[in-house]
Amino acid sequence: MNNDTICALATAPGGALGIIRISGSKAFDAVSALCSISCSSVEANTTHYTHLVDTQGAVIDEVMVTVFRSPHSYTGEDSVEISCHGSSYIAKKILEALVRQGCRMAEPGEFTKRAYLNGKLDLSQAEAVADLIASTNRATHQMALSQLRGEISTELADLRQHLLQLTTLLELELDFSDHEDLEFADRSELENLAQTIESHISRLAKSFETGKALKEGIPVAIVGKTNVGKSTLLNHLLKDDRAIVSDIHGTTRDTIEDTIDIHGVQFRFIDTAGLRQTTDTIEQIGIERTYAAISKARIVLWLIDRQPSNEEIVDMMKRTDDKKLIVIHNKIDLENSQISIPNYQTIDISAKKDIGIENLEEQIFEAANLPELTANSIIVTNARHYDALLRAHESIQRVLQGLQDGLSSDLLSEDLHLTLDILAEITGGQITPQETLNNIFSHFCVGK
């Protein structure tokens, strides 16, 4: 790792205030050369008012300088944060002055990368910083906060202890293999321990489906015949005229997507082409995309304005067998006809008159069947973590099978070590290839 001194604007340009972050062995000297504060002499974690000047002595701005002394800083290095006015020109002039004092501009994610390499964060916590910055609702914020607080790391550390216990017992048997009458653990006890580990890894891996949906938005498909009110419903849910509304059949010929926030959770709504028999080639393509949207959705809103035929009911039940289906009777302001779908309660609304929409939103949220999200929730959202968990799960399953088949301790030990190594990839507990680090941190914004 380079141990030179880096600097960058850590806030979005154009705001009322800007924060410039400096970190490295010469951070104090670089800032002190541009103001009346001796950063190396003042107390750590203190903030000071001063004028910042360029290398010619011209005042750039009135600023507040906050000093952090190693190792008690974000990066673990000597660090300084300069709070200035939010002018892009001011920030540019300050950064130019710092570069002339021997600093260099930071690469994307380099501050967090240094925090990881200096032991301030593990790898999963470092990735959580980017997720926290990108969070757009309560759910994604809570999941990122949980990961940043080290909840996943703690869970993995607990798994690691169980694995080490299992590995130790097996390797003791190997060390004393000459003593056939010496047994360090009953095989059934080892199998129970391996089963516990397998179930923990499996639970974490399965949480990725929920985590991915929460991160990207839970997909909800709005389907039904033409002119049943799908686009009108979407516009009312979004509180915006996002979709074109018309009495002409086949107006919506492609899927239209947008998101809304319900109780702090993001739902991704997909308005689809109307389902009907047609010879129009373009409209038929749209209908095929409707079926594709149903297959990808987690929740399906089936909008109807009349009693569907038995064939239509059977077809919809078949297409949504693994989904949560909500049957919606629209246009209740025009007619009060009863609609009956076996085993399904129908929600009555008028999309045009905005009747029953709030109740529908509540039903959609309940249909998501989400766990209670807190800052302590452990839900996997990172595809890299998910891939590692799947590989670890395969490895521990081989251990379980080997225990049941009576394999020798040396073969079992090999798969146990592999499981440990794979889980270590998530937190960076082992030496990680430089290519992996660069790939992870390249997605960060500059200044983090």
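Residues numbered from 1 in each chain as written. Predicted model: local features only at pLDDT ≥ 70, side-chain atom pairs only at ≥ 80, totals over all residues. Heavy atoms only, no water.

**Q** Could you clarify how one ought to interpret the packing of helix H4 (residues 123-134) against helix H5 (residues 138-148) in this entry?
**A** Two packed helices can be described by the angle between their axes and the distance between those axes. Axis separation between H4 and H5 bottoms out at 8 Å; the angle between their running directions is 155°. One finds that H4 runs roughly antiparallel with respect to H5. Note on packing geometry: the crossing formed by H4 with H5 is left-handed. Across the interface between the two elements, Ser124, Gln125, Glu127, Ala128, Val129, Asp131 and Leu132 from H4 touch His141, Ala144, Leu145, Gln147 and Leu148 from H5. Across the contact of H4 with H5, the residue classes tally to six nonpolar, four polar and two charged. (Axes fitted to C-alpha atoms, helices over the stretch in contact; angles between N-to-C directions. Helix = DSSP H or I, 4+ residues; strand = E, 2+ residues; numbered from the N terminus. Parallel < 35°, antiparallel > 145°, perpendicular 65-115°, else oblique. Left-handed = near helix turned anticlockwise from the far one by under 90°. Contact = heavy atoms within 4.5 Å. Nonpolar A, V, L, I, M, F, W, Y, C, P; charged D, E, K, R; others polar.)

**Q** What am I meant to see in the pattern of salt bridges here?
**A** Where charged atoms from two side chains of opposite charge come close, those side chains can pair. One pass over the full model with this rule turns up 21 salt bridges. Ionic pairing is found between glutamate 110 and arginine 114, a salt bridge with its closest N-O pair at 3.6 Å. Here the residue glutamate 110 and the residue arginine 114 both occupy positions in helix H3 (residues 110-117), the gap between them amounting to four residues, near one helical turn. Taken individually, glutamate 110 and arginine 114 each receive the classification buried, so the pair is uniform in this respect. A salt bridge links glutamate 216 to lysine 212; the shortest N-O distance between them is 3.3 Å. With a gap of four residues between them, glutamate 216 and lysine 212 both fall in helix H7 (residues 187-216), about one helical turn apart. What makes glutamate 216 partly exposed here is its relative accessible area of 42%. With a relative accessible area of 37%, lysine 212 lands in the partly exposed category. (Salt bridge = Lys/Arg side-chain N within 4 Å of Asp/Glu carboxyl O. Buried < 20%, exposed > 50% of the residue type's maximum accessible area, 1.4 Å probe, protein only.)

**Q** Honestly, the packing of aromatic side chains in this entry has me stumped. Any pointers?
**A** Describing an aromatic ring pair means giving the distance of the ring centres and the angle of the ring planes. For the coordinates displayed, the defined rule picks out one aromatic pair. Measuring from ring centre to ring centre gives 4.2 Å for phenylalanine 208 and tyrosine 386, while their planes differ by 10°; the resulting arrangement is stacked. Of this pair, phenylalanine 208 sits in helix H7 while tyrosine 386 sits in helix H12 (residues 383-405), placing them 178 residues apart in sequence. Positioned over the ring face of phenylalanine 111 is arginine 21, at 5.6 Å from the centre of the ring. (Phe/Tyr/Trp six-rings, centres within 6.5 Å; stacked < 30°, edge-to-face > 60°. Lys NZ or Arg CZ within 6 Å of the ring centre and 35° of its normal.)

**Q** Can you help me understand helix H2 (residues 88-100) in this one?
**A** Residues spaced three or four apart along an α-helix point in a common direction, a consequence of the helix completing one turn every 3.6 residues. If you check H2, its first and last C-alpha atoms are 18 Å apart, about what 13 residues at 1.5 Å a residue would give, namely 18 Å. The distance from a side-chain oxygen at the start of H2 to the backbone nitrogen of tyrosine 89 is 3.1 Å, and the residue carrying that oxygen is serine 87. The first or second residue beyond H2 is glycine 102, which carries a positive phi of 105°. (Expected span 1.5 Å × (residues − 1). Polar contact = N/O pair within 3.5 Å; in protein donor to acceptor, adjacent residues only side chain to side chain.)

**Q** Can you walk me through the nonpolar core in this structure?
**A** Of all hydrophobic cores here, the largest spans 33 residues; its most connected members are Leu233, Phe267, Phe269, Ile299 and Ile364. The biggest single contributor to this core is helix H11 (residues 357-368), with five residues. Membership of the second largest hydrophobic core comes to 29 residues, among which are Leu190, Leu412, Leu420 and Ile426. (Core = buried A, V, L, I, M, F, W, Y, C linked by side-chain atoms within 4.5 Å.)

**Q** I would appreciate a short explanation of the environment of isoleucine 94 in the present structure.
**A** Relative to the assigned elements, isoleucine 94 resides in helix H2. For the pair isoleucine 94 and valine 31, spaced 63 residues apart in sequence, the C-alpha to C-alpha distance is 9.8 Å. When residues no more than four places from it in sequence are discounted, the contact partners of isoleucine 94 are Ile20, Leu52, Ile60, Ile82 and Cys84.

**Q** Explain the state of the cysteines to me, please; I cannot follow it from the model alone.
**A** What makes a disulfide is a covalent bond joining the sulfur atoms belonging to two cysteines. Under the criterion given, the structure shown has zero disulfides. Looking at cysteine 7, it has no disulfide partner, and the nearest cysteine sulfur is the one in cysteine 103, 4.9 Å off. The exposure class assigned to cysteine 7 is buried, which follows from its relative accessible area of 0%. Note on cysteine 103: relative accessible area 5%, which makes it buried. (Disulfide = S-S within 2.5 Å.)

**Q** Quick question: what am I supposed to make of the side chain of serine 79 here?
**A** As for its position among the elements, serine 79 is in strand S5 (residues 79-85). Of note is the side chain of serine 79, whose polar atom sits 3.3 Å from the side chain of threonine 75.

**Q** Is there a simple way to think about the sheet that holds strand S2 (residues 17-23) in this case?
**A** Strand-to-strand pairing in sheets goes through backbone hydrogen bonds, with the strands running parallel or antiparallel. In space, the six strands of this open sheet follow the order S3-S4-S5-S2-S1-S6, with mixed pairing throughout. The open sheet has two edge strands with one neighbour each: strand S3 (46-53) and strand S6 (104-105). With seven bridges connecting them, S2 and S5 associate as antiparallel partners. Bridge pairing links leucine 17 to histidine 85 in S5. (Pairing = 2+ DSSP bridges.)

**Q** Would you explain unusual backbone geometry in this entry?
**A** A cis amide bond, omega 5°, links serine 70 with the succeeding residue proline 71. Here proline 71 lies in the loop between strand S4 (59-68) and S5. The residue asparagine 227 is not glycine, and still its phi comes out positive at about 60°. Take asparagine 227: it is sitting in the loop between strand S7 (218-224) and helix H8 (230-238). A positive phi angle, near 55°, is found at histidine 263, a position not held by glycine.

**Q** Would you take a moment to explain the pairing of S4 for this structure?
**A** Side-chain positions along a regular strand alternate between the two faces of the sheet. Relative to S4, S3 runs antiparallel, the two being bridged by eight bridges. Considered in S4, the bridge of histidine 48 is made with valine 65. Linking S3 to S4, which pair antiparallel, is a turn of five residues; within it glycine 57 sits at a positive phi near 90°. Of the pairings in the sheet, the one linking S4 to S5 comprises five bridges and is antiparallel in character. Bridging across to S5, threonine 66 finds its partner in glutamate 81.

**Q** Would you mind showing me how to read H11 here?
**A** Here H11 contains twelve residues, and its C-alpha end-to-end distance of 17 Å stays within 8% of the 16 Å for a straight helix at 1.5 Å per residue. Listed in full, the buried residues belonging to H11 are Ile357, Leu360, Glu361, Ile364, Ala367 and Ala368. Along the axis of H11, the buried positions cluster into a sector of 125°, meaning they face one direction only. Residues Glu358 and Glu366 are exposed on H11 and point more than 90 degrees away from its buried face. Phi for asparagine 369, located one or two positions after H11, is positive at around 50°. (Arc of directions from axis to C-beta.)

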